[in-house]
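# Report on the structure
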Amino acid sequence: MRTLFDIADEPSADNADVLYDAISRKLAEPSFRPRALFDRFRIEVLATTDDPLDDLAAHAALAADPGFGGRVLPTFRPDAYLDPDAAGFGERVRRLVETTGQATSFAGYLKALRERRAHFVAHGAVSADHGVLEPYTTDLDPAAAQDLFAHAIDHRLDARAAREFRGHMLFQMAKMSVDDGLVMTIHAGVRRNHHRPTFDAFGPDTGHDIPVRTDYTENLRPLLEAFGTAPGLHIVLFTVDETSFSREIAPLAGFYPSLYIGAPWWFLDAPDAILRFRSAVTETAGFYRSSGFIDDTRAFLSIPARHDVSRRMDASFLARLVVEGRISPPTARRIARDLVDAIPREVFKL
Amino acid sequence: MRTLFDIADEPSADNADVLYDAISRKLAEPSFRPRALFDRFRIEVLATTDDPLDDLAAHAALAADPGFGGRVLPTFRPDAYLDPDAAGFGERVRRLVETTGQATSFAGYLKALRERRAHFVAHGAVSADHGVLEPYTTDLDPAAAQDLFAHAIDHRLDARAAREFRGHMLFQMAKMSVDDGLVMTIHAGVRRNHHRPTFDAFGPDTGHDIPVRTDYTENLRPLLEAFGTAPGLHIVLFTVDETSFSREIAPLAGFYPSLYIGAPWWFLDAPDAILRFRSAVTETAGFYRSSGFIDDTRAFLSIPARHDVSRRMDASFLARLVVEGRISPPTARRIARDLVDAIPREVFKL
Amino acid sequence: MRTLFDIADEPSADNADVLYDAISRKLAEPSFRPRALFDRFRIEVLATTDDPLDDLAAHAALAADPGFGGRVLPTFRPDAYLDPDAAGFGERVRRLVETTGQATSFAGYLKALRERRAHFVAHGAVSADHGVLEPYTTDLDPAAAQDLFAHAIDHRLDARAAREFRGHMLFQMAKMSVDDGLVMTIHAGVRRNHHRPTFDAFGPDTGHDIPVRTDYTENLRPLLEAFGTAPGLHIVLFTVDETSFSREIAPLAGFYPSLYIGAPWWFLDAPDAILRFRSAVTETAGFYRSSGFIDDTRAFLSIPARHDVSRRMDASFLARLVVEGRISPPTARRIARDLVDAIPREVFKL
């Protein structure tokens, strides 16, 4: 409010109309057009998340636009194609496999996913984003996977089998990331659409996604045993269960070279929570196994403030370590810079 | 010790007898009679927890006593009537249903519970208090509920069925709260009577109730889907599993208008724990989705000290936010007052 | 680095060779021989962990050596003899029972364990150390235990039965500790050898032991109901799931006289984690139900630094309580001394 709209007053019932009008006037100015803000915010890279069947024409058009020099990348987001419990799963997967010109089979499904990933890579994607309720992974034998797939597209999987299928597909996504280099981001542990009446009335993403306790150590083990030390693989783990930071995620990232600790996410991207995060992970995994700050906002105007908060809190954490004699000022300065530049650049292959 | 007994010395083996005698002398003074302390502590409302079959005659007598102007309310505490595993459950429920003059049936059982709640409301009760091991809820169909009930009163429920019954009855309690307006307090996650030999020798509440990990997001979902947005319903969640504050309880309270975050309870009502609580919930749910401080002490004399500690810690938390530039001093002052006055008054319908 | 090697420079790629050479020179000096360091570090007691079948000859030789006055004790570490899933379990147990001259039976197995413990006690052992994935305990009836044992030594236990056997044997270990006085240390909640390929290539203890969520309240209940108030029994609980400190371990230690809260262990023995630990347990269980600092390092040279860090953090925690007016300076000084002297001496019967 202060930086973008020159509003210093605390919002209240008294000044609500005045503030609303002031904001509206600003938003109508040319300097508040998206491209102008993109420049003003000095954004180097912005990534969208996209449906695997998206032709990415908008991305191609923007990349080809001589009037826009920014880097806007697509991200492969296949959740709805990997979860047999997702509404419309069978139909969606059939459309996916059709793109290969093959009959609907598990082999065709894997082929189609690989080809769509290649399509995203060709349009500049650097990562594939995976939202799951639990980060369960498993490596099924091909016959079992084929069998689950056949039942899944006809909606004939019980809860246990659906879990096995999802676990196998998260495993397959890691395998494909080893091959095509897409950074694998996994954000787990949120019960989506907790309040069905609100979902029925207003749809998804309406404020009632609620975190649940999440176990990483056992769930990710099959994936990490197979690919955790694969050269070039980058996995970034995001959680909203902060108990896992010191107990599971930092120890895992301390061992597996492929695994990075995602920035504090969603309910945890606020000042106190950011300091708790740094305190929880740093003594086990240091700074260089974290992703550095990346922002997942849907609110374009919030980007500078969010980066600012993150930088201030990391600076505050580093300053404490300096005051306590635990790191030297030059080291703190180096880490502060790396957390917003070298580290996310390396982790996300930018 | 300092405020009530003028004792400034640290207790030790050396001064134990002196302190004991000093305290005994004070306790014998008229100014230490319960009513005198009630006035001196400036207590506005004090609530007891009472058996559903209690006739509340003592409450009626006190309310009718012209010599006492305080507000002392009963609270409906039906745990032992809702849990088939509670000792004497069948017999107790039979006595409950008898109050309706009907035969023992599930419909009669619900009717009796409704009538006893009305009896409590008529005697000034504002809340119904529910202590459960896990906050599991479920909405059974009437035939299934009737069937479980029939088996429950004859002690023929296995562990799974007993859990279903308890879950259904917590759901029913929410439904009744929607109807009669009693604030529903739920405190979950304590394994009562952990050490059976101590229980056998000395009975319950003898120091060996031990917390367990508690999940709220999935367990409360059926209840919240049905009643979470019901006008006028107030549910206050208390926990001794502090991991649930940032992960589950604050996000739930951030969405469901009926849900309030209970003050840090029992093992968590101490200075450091109170600050951890505020840090864990405030960035997601703010101050106005918490219950404000209420005290559940059994030690009458501890009431002023407990409120004092709570106020100091909330003030300390707010002062930090002011120093960090996150809220203004006037806002901090408003919140500090509201946490001990407007908020608990509204949450508990006082 | 500073204290032992006079190295004040921060390590870097530039000075790596210089530092390596400086350290190598120091290590070759007579003052860096183990016995010289033992004296210089002013170690009063050092305990190894040993296989139950170890003859402890090295311990006997050291104890008999007139040239060494230090106290180096063996510790009974029977994990591999209690877990049917441990590689080579059947063969190992057969060798254990053979020491009794009896046929392989459950009674002989218990007898052998008792005798080996007596052998350790005779060589100065004060404790038995138990590392388990989960701290599950159960008291099986003798016939069931005998039956599980018979199957276990032939590798015919499924996962559930193996768990029952382990739970029964942890229970038995507590029973033996009641009899022979060995302090029982339990450290739970680590998935050992998370990355099989690394285990296959390099063996155990190669950096990929990863913590998992751990429940103590229910798991330890059978053991604590049977022995939790047994005179003279000391159990010290170590965890790497810090969520259990305030929720389970402190409340358990607050009630059971046999139970002590182990010092923050492994991933948690660093400055911030130590302060979180003290904050989490002290308000419920105080200082005198914790073990005081003991060190489990494999790096002999790290011992002084680790004790130094622990003492500084405890001193920092106590100083805060003094500044906040919560304890007096003399009390803080007494606790600071007791945490490194009287308390570990009493807890470990030294």
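Per an unreviewed UniProt entry, chain A carries the name Uronate isomerase and comes from Microbacterium elymi. UniProt, in its Pathway (unreviewed entry) section for chain A, records the words "Carbohydrate metabolism; pentose and glucuronate interconversion." Under the Catalytic activity (unreviewed entry) heading, UniProt states for chain A: "D-glucuronate = D-fructuronate".

### Observations concerning the overall build of chain A
Along the backbone of chain A there are 16 helices and 8 strands. The C-alpha radius of gyration computed for chain A amounts to 22 Å, which stays within 12% of the reference 20 Å derived for 350 residues, consistent with globular compactness. Relative to its 350 residues, chain A shows a buried fraction of 51%. Considering only residue pairs separated by 6 or more positions, chain A has 72% of its internal contacts joining residues 24 or more positions apart. Across chain A, the centroid of the 41 positively charged side chains sits 3 Å from that of the 50 negatively charged ones.

### Considering the relation of the copies chain C and chain A
When chain C is fitted onto chain A, the two copies agree to an RMSD of 0.0 Å after a turn of 120° and an axial shift of 0.0 Å. When the rotation and shift are considered jointly, the pair of chain copies conforms to a three-fold rotation axis. In terms of C-alpha distance to the rotation axis, chain C has Thr243 of chain C as its closest residue, with the C-alpha 3.9 Å off the axis. Comparing interface residues between copies, only 7% of those in chain C also lie at the interface in chain A; the contact surfaces differ.

### Let's talk about the sheet that holds strand E4 (residues 183-188) of chain A
Strand pairing in a sheet takes place through backbone hydrogen bonds and is either antiparallel or parallel in direction. All names here are of chain A. Taken in spatial order, the 4 strands of this open sheet run E3-E4-E7-E8, and their pairing is parallel. What marks the edges here is a single partner per strand, and that holds for strand E3 (127-132) and strand E8 (259-261). Here the average twist between neighbouring strands, direction ignored, is 25°. Pairing analysis gives 5 bridges linking E4 to strand E7 (residues 235-239), with the strands arranged parallel. Directly across from His187, in E7, lies its bridge partner Phe238.

### Some points on the relation of the copies chain C and chain B
In screw terms, the move from chain C to chain B is a rotation of 120° and a rise of 0.0 Å along the axis, fitting with an RMSD of 0.0 Å. An overlap of only 8% is found between the interface residues of chain C and their copies at the interface of chain B, pointing to separate contact surfaces.

### Focus on the environment of Glu98 of chain A
Residues and elements named next belong to chain A. Residue position: Glu98 is located in helix H6 (residues 89-98). Residue classification places Glu98 among the exposed residues on the basis of a relative accessible area of 55%. In this structure the C-alpha to C-alpha distance between Glu98 and Ala58, which are 40 residues apart in sequence, comes to 23 Å.

### Concerning the environment of Glu346 of chain A
Relative to the helices and strands, Glu346 of chain A is located in helix H16 (residues 342-347). Note: C-alpha distance between Glu346 of chain A and Gln172 of chain A (174 residues apart in sequence) is 24 Å.

### What about the sheet that holds strand E8 (residues 259-261) of chain B?
All names here are of chain B. The 4 strands lie next to each other as E3-E4-E7-E8, forming an open sheet whose pairing is parallel. Two strands bound the open sheet, and with one partner strand each, they are strand E3 (127-132) and E8. Strand-to-strand twist of the sheet, defined as the mean angle between neighbouring strand axes without regard to direction, takes the value 25°. Sheet topology note: the strand E7 (residues 235-239)/E8 ladder contains 3 bridges and is parallel. Within E8, the residue paired with Ile235 across the bridge is Leu259. Strand contacts of helix H9 (residues 159-180): E3 and strand E4 (183-188), with the helix running at about 155° to E4, the strand carrying the most contacts.

### Considering the interface of chain C and chain B
The interface is formed by 25 residues belonging to chain C together with 27 residues belonging to chain B. Interface area for chain C against chain B, summed over the two sides, is near 2200 Å², with a carbon-plus-sulfur share of 48%. The largest contributions to the chain C side of the interface with chain B come from Glu225, Arg247 and Phe255 of chain C, which together make up 29% of the buried area. The partner of Arg196 of chain B in a salt bridge is Glu225 of chain C, and the shortest N-O contact between them spans 2.5 Å. The tally of links between chain C and chain B comes to 18 residue pairs in polar contact (both at pLDDT 80 or more). Elements with a minimum of two residues in the side of chain C that touches chain B: helix H11 (221-227), helix H12 (243-255), helix H13 (271-285) and helix H14 (303-323) of chain C. Counting residues per element, the side of chain C that touches chain B draws most heavily on H12 of chain C, at 7 residues. The class makeup of the residues in the side of chain C that touches chain B is 7 nonpolar, 8 polar and 10 charged.

### Some thoughts on H6 of chain A
Residues and elements named next belong to chain A. Buried within H6 we find Phe89, Gly90, Arg92, Val93, Leu96 and Val97. Axial view of H6: buried residues confined to an arc of 165°, hence all on one face. Looking at the buried residues of H6, the elements they touch are helix H5 (79-82), helix H7 (106-122), helix H8 (142-152) and helix H9 (159-180).

### So, the interface of chain C and chain A
In this complex, chain C contributes 27 residues to the contact, which on the side of chain A involves 25 residues. Of all residues in chain C, the largest losses of buried area upon contact with chain A belong to His194, Arg213 and Asp272 of chain C, amounting jointly to 29% of the total for that side. Linking chain C with chain A are 18 residue pairs in polar contact (both at pLDDT 80 or more). For the side of chain C that touches chain A, the secondary-structure elements that each account for two or more residues are helix H10 (196-202), strand E6 (210-211) and H13 of chain C. The biggest single contributor to the side of chain C that touches chain A is H13 of chain C, with 4 residues. Looking at the side of chain C that touches chain A residue by residue, the class counts come to 10 nonpolar, 8 polar and 9 charged.

### A few points about the packing of H7 of chain A against H9 of chain A
All names here are of chain A. At a minimum axis distance of 11 Å, the contact between H7 and H9 shows a crossing angle of 45°. Taken together, the axes of H7 and H9 lie oblique to each other. Judged by the sense of rotation from one axis to the other, the crossing of H7 with H9 is right-handed. Every residue of H9 that contacts H7 at Phe106, Tyr109, Leu110, Leu113, Arg114, Arg117 and Val121 is listed here: Phe165, His168, Met169, Gln172, Met173, Met176, Ser177 and Asp180.

### Looking at the packing of H14 of chain C against helix H15 (residues 329-340) of chain C
When two helices pack together, their arrangement is given by the angle between the helix axes and by the axis-to-axis distance. All names here are of chain C. At a closest axis distance of 10 Å, the pairing of H14 and H15 adopts a crossing angle of 160°. In terms of orientation, H14 and H15 fall into the roughly antiparallel class. Seen along the crossing, H14 lies across H15 with a hand that is right-handed. Counting all contacts with H14, which are made through Arg311, Asp314, Leu318 and Val322, the residues of H15 involved are Pro329, Ala332, Ile335, Ala336, Leu339 and Val340. Considered class by class, the residues forming the contact of H14 with H15 number 8 nonpolar, no polar and 2 charged.

### Some remarks on the packing of aromatic side chains
By the definition in use, this model includes 48 aromatic pairs over all chains. Consider the rings of Phe76 of chain A and Phe120 of chain A, whose centres lie 5.2 Å apart with planes at 80°: the pair is edge-to-face. Linking Phe76 of chain A in the loop between strand E2 (71-73) and H5 with Phe120 of chain A in helix H7, this pair joins segments that are 44 residues apart in sequence. In this structure, Phe76 of chain A and Phe120 of chain A share a single accessibility class: buried. Between the aromatic rings of Phe287 of chain C and Phe317 of chain C, the centroid separation amounts to 6.0 Å while the plane-to-plane angle is 70°, which identifies the pairing as edge-to-face. Of this pair, Phe287 of chain C sits in the loop between H13 and H14 while Phe317 of chain C sits in helix H14; the two residues are 30 residues apart in sequence, bridging distant segments of the chain. By the ring-pair criterion, three or more aromatic residues cluster together here, those being Phe89, Phe106, Tyr109, Phe149 and Phe165 of chain A.

Parameters at a glance
Residues numbered from 1 in each chain as written. Chains lettered and ligands numbered in written order. Predicted model: local features only at pLDDT ≥ 70, side-chain atom pairs only at ≥ 80, totals over all residues. Heavy atoms only, no water. UniProt positions renumbered as here; feature names shortened; annotations may be inferred. Helix = DSSP H or I, 4+ residues; strand = E, 2+ residues; numbered from the N terminus. Rg over C-alpha atoms; globule rule 2.2 N^0.38 Å. Buried < 20%, exposed > 50% of the residue type's maximum accessible area, 1.4 Å probe, protein only. Contact = heavy atoms within 4.5 Å. Lys, Arg positive; Asp, Glu negative; His and termini not counted. Charge placed at Lys NZ, Arg CZ, Asp CG, Glu CD. Least-squares fit on C-alpha atoms with pLDDT ≥ 70 in both. Pairing = 2+ DSSP bridges. Axes fitted to C-alpha atoms, helices over the stretch in contact; angles between N-to-C directions. Buried area = accessible area lost by both parts, 1.4 Å probe. Salt bridge = Lys/Arg side-chain N within 4 Å of Asp/Glu carboxyl O. Polar contact = N/O pair within 3.5 Å; in protein donor to acceptor, adjacent residues only side chain to side chain. Nonpolar A, V, L, I, M, F, W, Y, C, P; charged D, E, K, R; others polar. Arc of directions from axis to C-beta. Parallel < 35°, antiparallel > 145°, perpendicular 65-115°, else oblique. Left-handed = near helix turned anticlockwise from the far one by under 90°. Phe/Tyr/Trp six-rings, centres within 6.5 Å; stacked < 30°, edge-to-face > 60°.

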